[in-house]
Amino acid sequence: MGPVTPTPWDLTGRVTANEPVSTGLLRLDVALPRTVGFRPGQFAMLNLTGPGQLVFRRPFSIFAADGETMSFLYRVVGRGTALMAALREGDAVDCLGPLGRPFLRPDADTPPALVLAGGVGLPPLHAWAEAHKRPDDLICFGGRDGGDVPWSLLDDRWHVSVDRADGVPPGRQAHEGLVTGLATELLAAYDGPRLVLACGPTPLLRAAAKLARDRGWPCEVSLEEHMGCGYGVCKGCVVPVLSDDLAGWRNATSCEEGPVFDAATLDWDRLGASHGGVA
Amino acid sequence: MTLPIWWRTDPTQPVRIGPRELPGRIWTASGCFAYGLSGHDIRSLDVGSPYAGIGAVVTKTVTPQPRSGNPMPRLVELEHGAINSIGLENVGHAEFVEAVLPALEERGVPTVVSLAATRPDEFGPMCERLAEVGRGFVHWHGVELNLSCPNVAEGGHDFGSSPATVAECVAAARPHLPDRLLIAKLTPNVAQIAPLAAAAAEAGCDAIAAINTVLGLDIDLETGQPVLPRRFGGYSGPAIRPIALAKCDEIIRQVGVPVIGIGGIETADDALRFFALGCAAVQVGTAQMRDPFAAARMAAALRPDAATT
Ligand SMILES: Cc1cc2nc3c(=O)[nH]c(=O)nc-3n(C[C@H](O)[C@H](O)[C@H](O)COP(=O)(O)OP(=O)(O)OC[C@H]3O[C@@H](n4cnc5c(N)ncnc54)[C@H](O)[C@@H]3O)c2cc1C
Ligand SMILES: Cc1cc2nc3c(=O)[nH]c(=O)nc-3n(C[C@H](O)[C@H](O)[C@H](O)COP(=O)(O)O)c2cc1C
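Model, not experiment: these values are computed from the prediction.

## Observations concerning the overall build of chain B
Turning to step 1, where the next piece is worked out: In terms of helices and strands, chain B carries 8 helices and 17 strands.
Turning to step 2, where the next piece is worked out: Taking 2.2 N^0.38 as the reference for a compact globule, 309 residues should give roughly 19 Å; the C-alpha atoms of chain B span a radius of gyration of 18 Å, in line with that estimate.
Turning to step 3, where the next piece is worked out: By its C-alpha atoms, chain B is 55 × 50 × 40 Å across when sized along the principal axes.
Turning to step 4, where the next piece is worked out: Relative to its 309 residues, chain B shows a buried fraction of 60%.
Turning to step 5, where the next piece is worked out: In chain B, the proportion of contacts linking residues at least 24 apart, taken out of those at least 6 apart, comes to 74%.
Turning to step 6, where the next piece is worked out: In chain B, 24 positive and 32 negative side-chain charges are present, and the distance between their average locations comes to 3 Å.

## A look at the site of ligand 1
Turning to step 1, where the next piece is worked out: Lining the immediate environment of ligand 1, one finds 22 residues, of which A:Arg58, A:Pro59, A:Leu73, A:Gly80 and A:Thr81 sit closest.
Turning to step 2, where the next piece is worked out: Looking at what sits near ligand 1, you find residues from chains A and B.
Turning to step 3, where the next piece is worked out: Within the backbone of A:Leu73, one N or O atom sits 2.7 Å away from a nitrogen atom of ligand 1.
Turning to step 4, where the next piece is worked out: Between ligand 1 and A:His226 there is a distance of 3.2 Å, counted from a nitrogen atom to a side-chain nitrogen or oxygen.
Turning to step 5, where the next piece is worked out: Out of a free accessible area of 980 Å², ligand 1 has 74% covered by protein chains.
Turning to step 6, where the next piece is worked out: Secondary structure elements with two or more residues in the shell around ligand 1: β4 (58-61), β6 (69-74) and α1 (79-85) of chain A.
Turning to step 7, where the next piece is worked out: Looking at the shell around ligand 1, the element that brings in the most residues is β4(A), giving 4 residues.
Turning to step 8, where the next piece is worked out: Grouping the amino acids of the shell around ligand 1 by side-chain chemistry returns 12 nonpolar, 5 polar and 5 charged.

## Observations concerning the site of ligand 2
Residues and elements named next belong to chain B.
Turning to step 1, where the next piece is worked out: In the neighbourhood of ligand 2, 23 residues make up the surrounding shell, with Ser-30, Thr-61, Lys-185, Gly-264 and Thr-286 lying closest.
Turning to step 2, where the next piece is worked out: A distance of 2.7 Å is found between an oxygen atom of ligand 2 and a backbone nitrogen or oxygen belonging to Ser-30.
Turning to step 3, where the next piece is worked out: One nitrogen or oxygen atom from the main chain of Gly-237 is found 2.8 Å from an oxygen atom belonging to ligand 2.
Turning to step 4, where the next piece is worked out: Contact with the protein chains covers 98% of the free accessible surface of ligand 2, which is 600 Å².

## Looking at the interface of chain A and chain B
Turning to step 1, where the next piece is worked out: Each side of the interface is counted separately: chain A has 32 residues, and chain B has 32 residues.
Turning to step 2, where the next piece is worked out: Buried surface at the junction of chain A and chain B, both sides included, amounts to about 2600 Å², of which 60% is carbon and sulfur.
Turning to step 3, where the next piece is worked out: Considering only the side of chain A, the residues that lose the most area to chain B are A:Val55, A:Phe56 and A:Tyr231, jointly responsible for 26% of the buried surface there.
Turning to step 4, where the next piece is worked out: The interface formed by chain A and chain B holds 4 salt bridges in total.

## Observations regarding the sheet that holds strand β13 (residues 219-222) of chain A
Residue and element names in this part refer to chain A.
Turning to step 1, where the next piece is worked out: The strand order across the open sheet formed by 7 strands is β11-β10-β9-β8-β12-β13-β16, and the pairing between neighbours is mixed. Of all the strands in the sheet, just β11 (175-176) and β16 (260-262) have a single pairing partner and so form its edges.
Turning to step 2, where the next piece is worked out: With 6 bridges joining them, strand β9 (residues 138-145) and strand β10 (residues 158-164) adopt parallel strand pairing. If you follow Gly-142 over to β10, its bridge partner there is Ser-161.
Turning to step 3, where the next piece is worked out: Sitting on the sheet, helix α2 (residues 122-131) touches β8 (113-118), β9, β10 and β12 (195-199), and the angle it makes with β8 is about 150°.
Turning to step 4, where the next piece is worked out: The strands touched by helix α4 (residues 202-215) within the sheet are β8, β12 and β13, with β12 carrying the most contacts at an inclination of about 170°.

## Comments concerning the packing of aromatic side chains
Turning to step 1, where the next piece is worked out: For the coordinates displayed, the defined rule picks out 6 aromatic pairs over all chains.
Turning to step 2, where the next piece is worked out: Relative to B:Phe33, the ring of A:Tyr231 lies with its centre 6.2 Å away and its plane at 65°, an arrangement referred to as edge-to-face. Here A:Tyr231 is found in the loop between β13 and β14 (238-242), whereas its partner B:Phe33 is found in the loop between β3 (26-28) and β4 (43-44) on a different chain.
Turning to step 3, where the next piece is worked out: Clustering of aromatic rings is evident, with ring pairs tying together A:Tyr231, B:Phe33 and B:Tyr51.
Turning to step 4, where the next piece is worked out: The side chain of A:Arg215 reaches across the aromatic face of A:Trp217, ending 5.5 Å from its centre.

## A few points about the sheet that holds strand β15 (residues 233-236) of chain B
Residues and elements named next belong to chain B.
Turning to step 1, where the next piece is worked out: Here we have 4 strands laid out as an open sheet, ordered β6-β7-β15-β12, and antiparallel in their pairing. Looking along the sheet, the strands with just one partner apiece sit at the ends: β6 (75-78) and β12 (214-216). The mean angle between the axes of side-by-side strands here comes to 35°, regardless of whether they run parallel or antiparallel.
Turning to step 2, where the next piece is worked out: Bridge count for β6 against strand β7 (residues 81-84) is 4 bridges, and the pairing is antiparallel. Considered in β7, the bridge of Leu-78 is made with Gly-81.

## Details of the pattern of salt bridges
Turning to step 1, where the next piece is worked out: Under the defined criterion, the tally for this structure stands at 30 salt bridges over all chains.
Turning to step 2, where the next piece is worked out: The salt bridge partner of A:Arg57 is B:Asp291, with a shortest N-O separation of 3.9 Å. With one member in each of two chains, A:Arg57 in the loop between β3 (43-48) and β4 and B:Asp291 in the loop between α7 (286-290) and α8 (294-301) form a pair that bridges those chains.
Turning to step 3, where the next piece is worked out: In this structure A:Arg57 comes out as buried when scored by relative accessible area, which is 3%.

## Quick notes on helix α2 (residues 123-134) of chain B
All names here are of chain B.
Turning to step 1, where the next piece is worked out: Between its first and last C-alpha, α2 extends 16 Å over 12 residues, near the 16 Å set by a 1.5 Å rise per residue.
Turning to step 2, where the next piece is worked out: Regarding α2, the residues found buried are Phe-123, Gly-124, Met-126, Cys-127, Leu-130, Ala-131 and Gly-134.
Turning to step 3, where the next piece is worked out: Looking at the buried side of α2, the elements it contacts are α1 (93-107), β8 (111-115), β9 (140-146) and α3 (163-173).
Turning to step 4, where the next piece is worked out: In the stretch just after α2, Gly-136 is the one whose phi turns positive, near 85°.

## Some words on the environment of B:Glu98
Turning to step 1, where the next piece is worked out: Here B:Glu98 shows up in helix α1.
Turning to step 2, where the next piece is worked out: For the pair formed by B:Glu98 and B:Leu130, sequence separation is 32 residues and the distance between their alpha carbons is 9.4 Å.

## Section: the environment of B:Arg43
All names here are of chain B.
Turning to step 1, where the next piece is worked out: Checked against the element boundaries, Arg-43 lands in strand β4.
Turning to step 2, where the next piece is worked out: Judged by relative accessible area, which is 31%, Arg-43 ranks as partly exposed.
Turning to step 3, where the next piece is worked out: For the pair Arg-43 and Ser-161, spaced 118 residues apart in the sequence, the C-alpha separation amounts to 41 Å.

## Some points on a nonpolar patch on the surface
Turning to step 1, where the next piece is worked out: A surface patch of nonpolar side chains, about 500 Å² in accessible area, is lined by B:Leu215, B:Leu217, B:Ile219, B:Leu221 and B:Phe232.
Turning to step 2, where the next piece is worked out: If you trace the backbone, B:Leu221 turns up in the loop between β13 (219-220) and β14 (225-226).

## Topic: the nonpolar core
Turning to step 1, where the next piece is worked out: Grouped together as the largest cluster of nonpolar side chains are 94 residues, with contacts concentrated most on B:Phe96, B:Phe123 and B:Ile208.
Turning to step 2, where the next piece is worked out: Counting 29 residues, the second-largest nonpolar core is a separate cluster that includes A:Cys140, A:Ala183, A:Ala208 and A:Ala252.

## Here we look at the domain arrangement of chain A
All names here are of chain A.
Turning to step 1, where the next piece is worked out: Taken domain by domain, chain A consists of domain 1 (9-99) and domain 2 (113-222).
Turning to step 2, where the next piece is worked out: Inter-centroid distance (C-alpha atoms) of domain 1 to domain 2 is 24 Å.
Turning to step 3, where the next piece is worked out: Between domain 1 and domain 2, the contact holds 15 residues from the first and 16 residues from the second.
Turning to step 4, where the next piece is worked out: Across the domain 1 to domain 2 interface the summed buried area is about 1300 Å²; carbon plus sulfur atoms make up 66%.

Calculation rules
- Residues numbered from 1 in each chain as written.
- Chains lettered and ligands numbered in written order.
- Predicted model: local features only at pLDDT ≥ 70, side-chain atom pairs only at ≥ 80, totals over all residues.
- Heavy atoms only, no water.
- Helix = DSSP H or I, 4+ residues; strand = E, 2+ residues; numbered from the N terminus.
- Rg over C-alpha atoms; globule rule 2.2 N^0.38 Å.
- Buried < 20%, exposed > 50% of the residue type's maximum accessible area, 1.4 Å probe, protein only.
- Contact = heavy atoms within 4.5 Å.
- Lys, Arg positive; Asp, Glu negative; His and termini not counted.
- Charge placed at Lys NZ, Arg CZ, Asp CG, Glu CD.
- Near = heavy atom within 4 Å.
- Polar contact = N/O pair within 3.5 Å; in protein donor to acceptor, adjacent residues only side chain to side chain.
- Areas by Shrake-Rupley, 256 points an atom, 1.4 Å probe, with all protein chains shown as cover.
- Nonpolar A, V, L, I, M, F, W, Y, C, P; charged D, E, K, R; others polar.
- Buried area = accessible area lost by both parts, 1.4 Å probe.
- Salt bridge = Lys/Arg side-chain N within 4 Å of Asp/Glu carboxyl O.
- Pairing = 2+ DSSP bridges.
- Axes fitted to C-alpha atoms, helices over the stretch in contact; angles between N-to-C directions.
- Phe/Tyr/Trp six-rings, centres within 6.5 Å; stacked < 30°, edge-to-face > 60°.
- Lys NZ or Arg CZ within 6 Å of the ring centre and 35° of its normal.
- Expected span 1.5 Å × (residues − 1).
- Patch = residues over 30% accessible without salt bridge, like charges linked within 9 Å, V, L, I, M, F, W, Y side chains within 5 Å.
- Core = buried A, V, L, I, M, F, W, Y, C linked by side-chain atoms within 4.5 Å.
- Domains from an automatic or database assignment.

This is the structure in structure tokens:
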């Protein structure tokens with residue numbers, strides 16, 4: 001599992017900013033009572049504080065941790081994230097993290113990366129790209145349309161794709177189509193093996209895993225399974241991984257053994273319809 | 001928080017239940033804190049460790065064979081609780097006894113091992129083997145027989161709802177655990193729980209744990225289908241607390257056996273309600289999943305000196 005990961009803390013922080021960074025994404029900054037480290041790919045479990053809080057916290061990838069401030073990017077999809085969007089400066093937030101297995105930390109032998117981030121899959125890979133500024137990496141983000149892309153967070157290393165081209169600001173470029181299509185185009189121009197890293201909707205993860213498998217490249221994907229506890233105690237977020245057991249597979253907790261998995265160890269066939277795996 | 005004047009007990013002081021003295025009265029509930037090996041590295045500014053002041057960890061239920069559990073999704077949050085259908089995913093008794101129990105002893109985690117089986121006579125050999133391996137262990141306090149899981153299909157009947165079967169299970173376990181605590185954990189999904197508790201007590205158990213989850217079902221309005229693939233699951237969390245209090249009260253008033261209260265305990269106030277009925281200890285389930293420090297914070301808040309410090 002590589003080097004030791006930073007100690008997880010259960011802290012109550014205060015919101016210092018909670019603002020849109022695109023039409024679909026918001027950024028939440030939380031000032032914690034102490035500095036907490038993280039490794040890209042790790043997440044935190046967030047909740048409101050006190051009465052009215054959710055029965056379970058919600059998992060969010062850590063986008064950045066700067067001193068005592070921890071930052072997240074999120075999309076409103078349900079009750080919890082709607083409550084989150086209503087948080088104002090100074091409101092309290094319960095934050096448990098960093099948790100989970102991070103993305104691989106590259107060393108001198110690691111091939112250049114192909115980074116594929118789709119939608120809210122951006123934060124862990126943005127953090128990874130910030131932590132490891134390797135010139136030969138190909139870094140891609142896929143959004144719904146030009147408005148959905150948080151342009152201000154993406155420097156010129158980022159290649160962008162959009163499902164629909166409307167809303168792309170002047171001076172910025174976007175490939176129209178799937179982010180995997182963009183990747184295939186880029187790969188044609190740059191030779192050699194790559195480490196594929198992906199986070200986003202399940203179809204994107206499947207496509208990334210296949211792209212790597214077809215070429216014999218290593219690949220890590222971050223799964224966004226619904227979670228109960230987030231720290232390995234409830235078995236509510238299991239995913240099937242291949243194993244030497246008689247059955248040929250076993251359950252792995254995506255909070256503790258993941259959320260980042262070696263794509264070759266996942267049992268993609270079993271990771272079926274309940275995981276949005278249609279593609 | 002100010003503590004009520006009738007509360008003078010320090011829940012982090014040793015408590016005798018049956019043949020054992022346990023280090024405290026606030027425990028974690030089965031299935032909600034894994035085996036007691038998770039979360040040791042998590043820190044907080046107030047209580048420090050999730051294990052600080054805890055009386056016991058009741059392990060995830062262990063079955064004779066390993067189980068991979070039920071299909072996903074297994075856990076669905078509702079407004080005032082959650083329905084789960086984990087399906088007793090566990091490493092199996094052999095692996096538990098060889099690897100997990102010694103690790104718990106080494107770490108010094110006060111442990112109660114939760115066991116389930118599909119036939120009463122399976123409890124005998126499981127307890128015998130536990131006693132063999134755990135001989136001389138000081139942190140392993142005993143066994144909780146899970147006679148109440150709604151999420152296992154084998155046998156096709158809920159054997160925890162028959163007093164005769166409950167007695168058989170307790171009787172099968174008791175002879176192998178002469179000096180360990182033996183608890184029967186009962187289902188609330190019966191009209192009367194006291195006859196089950198009486199049968200368990202008569203068969204020789206030291207305490208009753210109540211309650212396990214309440215049978216529940218929810219519908220996804222978009223599809224019109226139950227949210228869980230197995231349709232129903234176990235409902236837990238704050239919504240079931242009044243049900244749990246009523247069941248504990250029924251047992252305490254009708255059967256002279258120590259009761260360990262479980263169900264919707266989220267705060268120190270919630271725990272006090274169970275202690276007010278006369279519960280010897282309480283277990284924290286769903287709240288422990290949200291907050292690794294739930295039980296530890298409760299224990300700290302309920303120390304009689306807590307209000308003044
Ligand atoms: C490791 C990890 C990292 C994540 N990082 C981010 C991030 O950086 N940014 C971000 O925006 N999101 C992230 N997510 C997703 C985020 O946790 C969810 O969007 C959030 O929990 C939704 O909460 P909610 O209460 O708003 O939605 P809910 O109301 O809980 O659910 C939203 C939708 O999911 C469905 N759903 C609910 N429960 C289940 C279930 N058990 N199984 C299947 N479907 C279910 C609902 O029907 C609904 O359609 C991450 C998830 C994980 C596991
Ligand atoms: C996810 C989950 C898993 C559980 N697993 C078990 C189990 O393996 N064995 C058991 O006896 N009870 C199990 N329970 C029941 C709890 O131990 C407890 O009795 C019940 O949840 C009520 O308490 P609560 O409201 O504090 O959660 C489980 C509960 C939940 C929510």
